[in-house]
Amino acid sequence: MYSSSFLRNMTILSTCLFLLVRMQLVTVYAFTPQTAGQSRNLKISSLVLPSIFPKQSRLYAEPPLTKPSSSLKKEEQQENDESLSQTVGGYTVKQRLREEVESPFRKVRLVFFASSAGSALTALYFSSLSALKAYMGGYSDAPPLEEALTSCAINIGGAIVCGLLAYRDYQAGQANLERIARGGKLARLAVSPASENAEKMVRTLSEYRRNSRVLICAGGKEYVENMCKSLNADQRSDENILPQLLADVNVLVVPVYLTESFTVGDTKQIWKNASPSDNDRNFDSTRSDGAVAFPWNNASWTDYLQSEIETAKKQGFDVLTKGITILVKKNGKILRRATGSPKWDELIGTMEVMDGSRFGMPGDSERYGGP
């Protein structure tokens, strides 16, 4: 007869072997090539084991649940977008990743300079103790006072220099993050095309990238009206073809009406109700519709333009009277900022050179020619 302890040990051994076999089956299934449309996800279910293991369970593989690949990709894209849109320290994860791409060694430099400053401060502590011992006297291990003071000076200089370099690099990173964040705000600004067949369509400025340059012209009522007449009336001896020329160089004009409180008002109404003077022959506010778009969601435009307005005011410019212009390149970056009304002839004649659309963008060879 077998003893009870022997039977118990055999039961435990057989159960362990049983679990190992089940785990082996799960492993083999996981690394077995799957057919199209199948997933490698394994569902874990519980099964009651012998009574000697009252709360244990064993694993077995069940047929995986399948989902359409398009649904899986959509879910993964949503998860990625949510993770990238999370805010950390006032900036999104996507903005911080872009800053790291633009300056890949900034964090390395920060760690190096900060740790060097910390090391210098630590060395300063011990060199100060040595200097104090040398000054007080009576210590056999104290170095000469001159040597101790020299070490203190070196450590102080190292801590200051490394600390300033770390702070300078940190400030440069914050400025770069601010620029990237403002670029994101600019890309999210929405406009409504002026043409009748598309006036109900709302597009963000990011949708114009690669295809169009955007010229933002912000000013008071008179500034917007004068710009409207310059594009829609024959002010010279010949016919005004500025809208067609702007379309030829892929420039989209966005007039922005600023109220007395420097908030964005109803630009479209000011534009449509502009009254021509005697010098504005054949005036028609719809002549330039193909090259003009109006701001949409005035609050976001006001928020973006506040810093631009403050900068112009600090430099002594009358923003409402003279106006400000912001020229955005096809890649979404700002080419230049200026005050006053746009000089259309100069803008049209030099746009292809200033923007450099023939360089650095895939597909431009087919459009402009060249290698």
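Relevant structure appears above.
The text that follows walks through the structure, step by step, so that each part is easy to find.

## Considerations on a nonpolar patch on the surface
A cluster of nonpolar side chains, contributed by Leu-132, Tyr-135, Met-136, Tyr-139, Leu-145 and Leu-149, occupies part of the molecular surface with about 660 Å² of accessible area. Those elements that provide at least two residues to the nonpolar patch are α4 (106-136) and α5 (145-188). No other element matches α4, which puts three residues into the nonpolar patch. Looking at where Leu-149 falls in the secondary structure, it is placed in helix α5. A residue is classified by how much of its surface remains accessible, and Leu-149, at 48% relative accessible area, is partly exposed.

## Quick word on the pairing of strand β6 (residues 251-257)
Counting buried positions over the seven residues of β6 gives seven, a clear majority of the element. Burial along β6 is two-sided: the face carrying Val-251, Val-253, Pro-255 and Tyr-257 and the face carrying Leu-252, Val-254 and Val-256 are both buried. Of the strand pairs in this sheet, strand β5 (residues 213-219) and β6 are connected by seven bridges, and their pairing is parallel. From the neighbouring strand, Cys-217 faces β6, where its bridge partner is Pro-255.

## Considerations on the environment of Lys-94
Looking at the element boundaries, Lys-94 is found in helix α3 (residues 93-102). Along the primary structure Lys-94 and Ile-180 are separated by 86 residues, whereas in three dimensions their C-alpha atoms are 9.9 Å apart.

## Observations regarding the packing of aromatic side chains
This model, assessed by the stated rule, comprises three aromatic pairs. On the basis of an interplanar angle of 75° and a centroid distance of 5.2 Å, the ring pair of Tyr-125 and Phe-126 is categorised as edge-to-face. Here the guanidinium or amino end of Arg-182 rests over the ring plane of Tyr-304, the centre of that ring lying 4.3 Å away. Note that Arg-203 overlies the ring of Tyr-208, its terminal NZ or CZ placed 4.3 Å from the centroid.

## Brief notes about the pattern of salt bridges
Tallied over the entire structure, the rule returns 14 salt bridges. The shortest N-O distance in the salt bridge between Lys-133 and Asp-141 comes to 3.5 Å. Looking at Lys-133, the relative accessible area reads 31%, which means it is partly exposed. The residue Glu-207 makes a salt bridge to Arg-203 at a minimum N-O spacing of 3.6 Å. Judged by relative accessible area, which is 40%, Glu-207 ranks as partly exposed. A relative accessible area of 24% means that Arg-203 is categorised as partly exposed. Salt bridges here are not isolated pairs; linked through shared partners, they connect Glu-99, Arg-106, Arg-109 and Asp-169.

## Here we look at the sheet that holds β6
Reading across the sheet, the four strands line up as β6-β5-β8-β9 and stay open at both edges, with mixed pairing between neighbours. In this open sheet, the two strands that pair with only one neighbour each are β6 and β9 (334-339). Here the strands of the sheet are splayed against their neighbours by 15° on average, with no regard to which way each runs. Bridge count between strand β8 (residues 324-328) and β9: five bridges; the pairing is antiparallel. Bridged to Leu-327 within β9 is Arg-336. Helix α6 (residues 221-232) contacts β5, β6 and β8 of the sheet and is inclined by roughly 135° relative to β5.

## A word on the nonpolar core
The tendency in soluble globular proteins is for nonpolar side chains to be buried as a group. Judged by nonpolar contacts, the single largest core of 25 residues is most densely connected at Leu-246, Trp-271 and Trp-344. Broken down by secondary-structure element, the contributors of at least two residues to this core are β5, α6, α7 (242-248), β6, α8 (267-272) and α11 (344-355). The dominant element in this core, judged by the number of residues it contributes, is α6, at five residues. Among residues more than four places away in sequence, those in contact with Trp-344 are Leu-215, Met-227, Ser-230, Leu-231, Leu-242, Leu-246 and Val-253. By size, the runner-up hydrophobic cluster in this structure holds 24 residues, among which are Leu-186, Val-214, Leu-252 and Trp-301.

## Some details on the packing of α5 against helix α9 (residues 298-314)
Where α5 meets α9, the axes come as close as 10 Å, and the angle between the chain directions of the two elements is 130°. What the angle tells us is that α5 and α9 run oblique. The element α5 and its partner α9 pack so that their crossing is left-handed. Contact residues: α5 offers Arg-182, Lys-185 and Leu-186, while α9 offers Asp-303, Tyr-304, Ser-307 and Glu-308.

## Observations regarding the packing of α3 against α5
Look at α3 against α5: their axes get within 10 Å of each other, and the N-to-C directions meet at 125°. Comparing their axes, α5 and α3 come out oblique. You can see that α3 and α5 cross each other, and the crossing is right-handed. Only Gly-173, Asn-176, Leu-177, Arg-179, Ile-180 and Ala-181 of α5 make contact with α3, whose side of the interface consists of Gln-95, Arg-96, Arg-98, Glu-99 and Glu-102. In terms of residue class, the contact of α3 with α5 is built from three nonpolar, three polar and five charged.

About the cut-offs
Residues numbered from 1 in each chain as written. Predicted model: local features only at pLDDT ≥ 70, side-chain atom pairs only at ≥ 80, totals over all residues. Heavy atoms only, no water. Patch = residues over 30% accessible without salt bridge, like charges linked within 9 Å, V, L, I, M, F, W, Y side chains within 5 Å. Areas by Shrake-Rupley, 256 points an atom, 1.4 Å probe, with all protein chains shown as cover. Salt bridge = Lys/Arg side-chain N within 4 Å of Asp/Glu carboxyl O. Helix = DSSP H or I, 4+ residues; strand = E, 2+ residues; numbered from the N terminus. Buried < 20%, exposed > 50% of the residue type's maximum accessible area, 1.4 Å probe, protein only. Pairing = 2+ DSSP bridges. Phe/Tyr/Trp six-rings, centres within 6.5 Å; stacked < 30°, edge-to-face > 60°. Lys NZ or Arg CZ within 6 Å of the ring centre and 35° of its normal. Axes fitted to C-alpha atoms, helices over the stretch in contact; angles between N-to-C directions. Contact = heavy atoms within 4.5 Å. Core = buried A, V, L, I, M, F, W, Y, C linked by side-chain atoms within 4.5 Å. Parallel < 35°, antiparallel > 145°, perpendicular 65-115°, else oblique. Left-handed = near helix turned anticlockwise from the far one by under 90°. Nonpolar A, V, L, I, M, F, W, Y, C, P; charged D, E, K, R; others polar.

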